[in-house]
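Now for the letters of each chain:
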Amino acid sequence: MVLKTQIITLAFSFLFGIIFAFFVNINYQFLFHKRKVIRILITFLFILDMALLYFFILKWINHGILHPYFLIMIFLGFYINYPFGHIFRGK
């Protein structure tokens, strides 16, 4: 893979981690819904949508090549942005 494509994919993975943390914080209220079925359904659909979005964009950027350091960048972006989630949860 060309270096330019790798850098673009690394930057996208990092930004996706930030966006993923943002949406997890927004969907935080659904994790504590009274009905267990709704909690499971919302969580399943959320994770499925986010995974499909990542892989579709990854396919568009670099033809779907996945390296472990792309996943590390997602975790790094998530880890950096997740502490700011209390702003969206209202705590």
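Look above for the structure.
Attention in this report is confined to the structure presented alongside it. (Residues numbered from 1 in each chain as written. Predicted model: local features only at pLDDT ≥ 70, side-chain atom pairs only at ≥ 80, totals over all residues. Heavy atoms only, no water.)

**Let's talk about the nonpolar core**
Heads up, the condition is: The criterion is simple. A nonpolar core is a set of buried Ala, Val, Leu, Ile, Met, Phe, Trp, Tyr and Cys residues joined through side-chain atoms within 4.5 Å. Think of it in three bands: residues with accessible area under 20% of the maximum for their type are buried, residues over 50% are exposed, and the middle band is partly exposed, with areas taken using a 1.4 Å probe on protein chains only. The numbering of helices and of strands both runs from the N terminus, where a helix is a DSSP run of H or I of at least 4 residues and a strand a run of E of at least 2. Contacts are residue-level and defined by heavy atoms, with any inter-residue pair within 4.5 Å sufficient.
Core analysis: the largest hydrophobic core is formed by eleven residues, namely Phe12, Phe16, Phe20, Val24, Phe46, Met50, Tyr54, Leu58, Ile61, Phe70 and Ile74. The set of elements that each furnish at least two residues to this core consists of helix 1 (3-26), helix 2 (36-62) and helix 3 (68-81). Per-element accounting of this core gives the leading share, five residues, to helix 2. Setting aside residues up to four positions removed in sequence, phenylalanine 20 forms contacts with Phe46, Ile47, Met50 and Phe78.

**So, unusual backbone geometry**
With the exception of glycine, the majority of residues adopt a negative phi angle, and the majority of peptide bonds are in the trans configuration. We note that histidine 63 has phi near 65 degrees; this positive angle belongs to a residue other than glycine. Position of histidine 63 relative to the elements: it lies in the loop between helix 2 and helix 3. Overall, the relative accessible area of 68% leaves histidine 63 in the exposed class.

**A short note on the packing of aromatic side chains**
Our working definition: We call Phe, Tyr and Trp rings a pair once their centres come within 6.5 Å, taking the six-membered ring for Trp, and we label the pair stacked below 30 degrees between planes, edge-to-face above 60, and tilted otherwise.
Applying the stated criterion across every chain yields a total of nine aromatic pairs. Geometrically, the ring pair formed by phenylalanine 12 and phenylalanine 16 is tilted, given 5.9 Å between the ring centres and 45 degrees between the ring planes. Here phenylalanine 12 pairs with phenylalanine 16, and both are found in helix 1, just four residues apart, close to one helical turn. The exposure class of phenylalanine 12 is buried, given its relative accessible area of 16%. Overall, the relative accessible area of 7% leaves phenylalanine 16 in the buried class.

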